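Chain residues, written in single-letter form:
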Amino acid sequence: MKSIRKAVFPVAGLGTRFLPATKAIPKEMLTVVDRPLIQYAVEEALEAGIEQMIFVTGRGKDALEDHFDIAFELEATMTSRGKSLDALDSTRMPAGSVVSVRQQQPLGLGHAVWCAREIVGDEPFAVLLPDDLMVGRPGCLAQMVEAYGKVGGNIVCAQEVPRERTASYGIITPGAQDGRLTEVKGLVEKPKPEEAPSTLGVVGRYILQPEIMEILSSIGKGAGGEIQLTDGMAALIGRQPFHGVTVDAERHDCGDKTGFVIANLALALGRDDVAPAVRAYLSKLGL
Ligand code: UTP
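How each quantity is defined
Residues numbered from 1 in each chain as written. Predicted model: local features only at pLDDT ≥ 70, side-chain atom pairs only at ≥ 80, totals over all residues. Heavy atoms only, no water. Near = heavy atom within 4 Å. Polar contact = N/O pair within 3.5 Å; in protein donor to acceptor, adjacent residues only side chain to side chain. Nonpolar A, V, L, I, M, F, W, Y, C, P; charged D, E, K, R; others polar. Phe/Tyr/Trp six-rings, centres within 6.5 Å; stacked < 30°, edge-to-face > 60°. Helix = DSSP H or I, 4+ residues; strand = E, 2+ residues; numbered from the N terminus. Buried < 20%, exposed > 50% of the residue type's maximum accessible area, 1.4 Å probe, protein only. Lys NZ or Arg CZ within 6 Å of the ring centre and 35° of its normal.

1. Observations concerning the site of the ligand
Not every one of the 17 residues close to the ligand is listed here, only the nearest: T16, R17, K27, Q103 and G108. Between G108 and the ligand, the recorded distance is 2.7 Å, taken from a backbone N or O atom to an oxygen atom. When grouped by side-chain class, the residues that make up the shell around the ligand number eight nonpolar, five polar and four charged.

2. Notes on the packing of aromatic side chains
Inspection of every chain in the model, using the stated rule, returns three aromatic pairs. Their ring planes at 80° and their centres at 5.5 Å tell us that F9 and F55 sit as a pair that is edge-to-face. On the criterion of sequence distance, the pair formed by F9 in strand 1 (residues 6-10) and F55 in strand 4 (residues 52-57) is long-range, its members being 46 residues apart. By the burial criterion, F9 is buried, and F55 matches it. Residues F55 and F68 carry aromatic rings whose centres are separated by 5.8 Å and whose planes lie at 65° to one another, so their mutual orientation is edge-to-face. Of this pair, F55 sits in strand 4 while F68 sits in the loop between helix 2 (62-67) and helix 3 (72-80), and the two are 13 residues apart along the sequence. We note that F55, like F68, is buried. Looking at R117, its charged tip hangs above the ring of W114, at a distance of 3.8 Å from the centre.

Here it is as structure tokens:
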């Protein structure tokens, strides 16, 4: 079984739910406490053993690449002023480990993943959507890679979602269950609550076999007029092993304002440097 060395980060979306914040900066550069969403996702990937990060970007998204580059002037100025560069440590990536490719038009998540086909090549790979901030120990992708070691094939991160929200997710038709692993018998993108085959939703982490790329090149537009990753994955079911893994992690949907605010609060309360002041403020509000 080939190990998972590469991860694709589709970051070419328009982020319209977050306007005006995302008019001039990428959604993935919005910060939770003191680091942008993309950094949480990259750190999660590194922890899972990923060696190459592939950003699928679009126009106006250069900040994402700059964030993982050496900021020469900043570092030189800080050094000359005797300031520590420790805060920049986790943004310095080994040379050549971050590559990017452009999705020229935001035609959908499936199309974004397909844009990385030449860099992914003929090996299994991970996909991480940075606006799904996953908080777990070990990290969400590390848990999925462990599951991959047992069953191989394709793996999606699965979470129970409220029935009234099925139209916001890819939903699994579940088969046999074994602990945290559920066999995936079918996948449907954004079904209405009354048509959803279950309430087991797919959230933004995937381990996929390279054959998905060929499928994505030939499928047409699906829900919302976009080329859907869910439709591509559905075509792999029956041809290759396909499982959902219910990870032990909390998900914050940071593509949504409420989820983003809650993520800031949750992560701030977990940080020794900011939690006391945040707690004091909450108690002043009587919360
Ligand atoms: P979303 O469905 O959240 O879309 O994409 P969006 O455009 O980012 O945001 P809204 O809905 O307009 O507010 C899920 C993920 O897929 C990526 C996004 O960047 C995000 O990480 N994506 C989506 C692409 O890279 N390209 C696309 O064409 C669509």
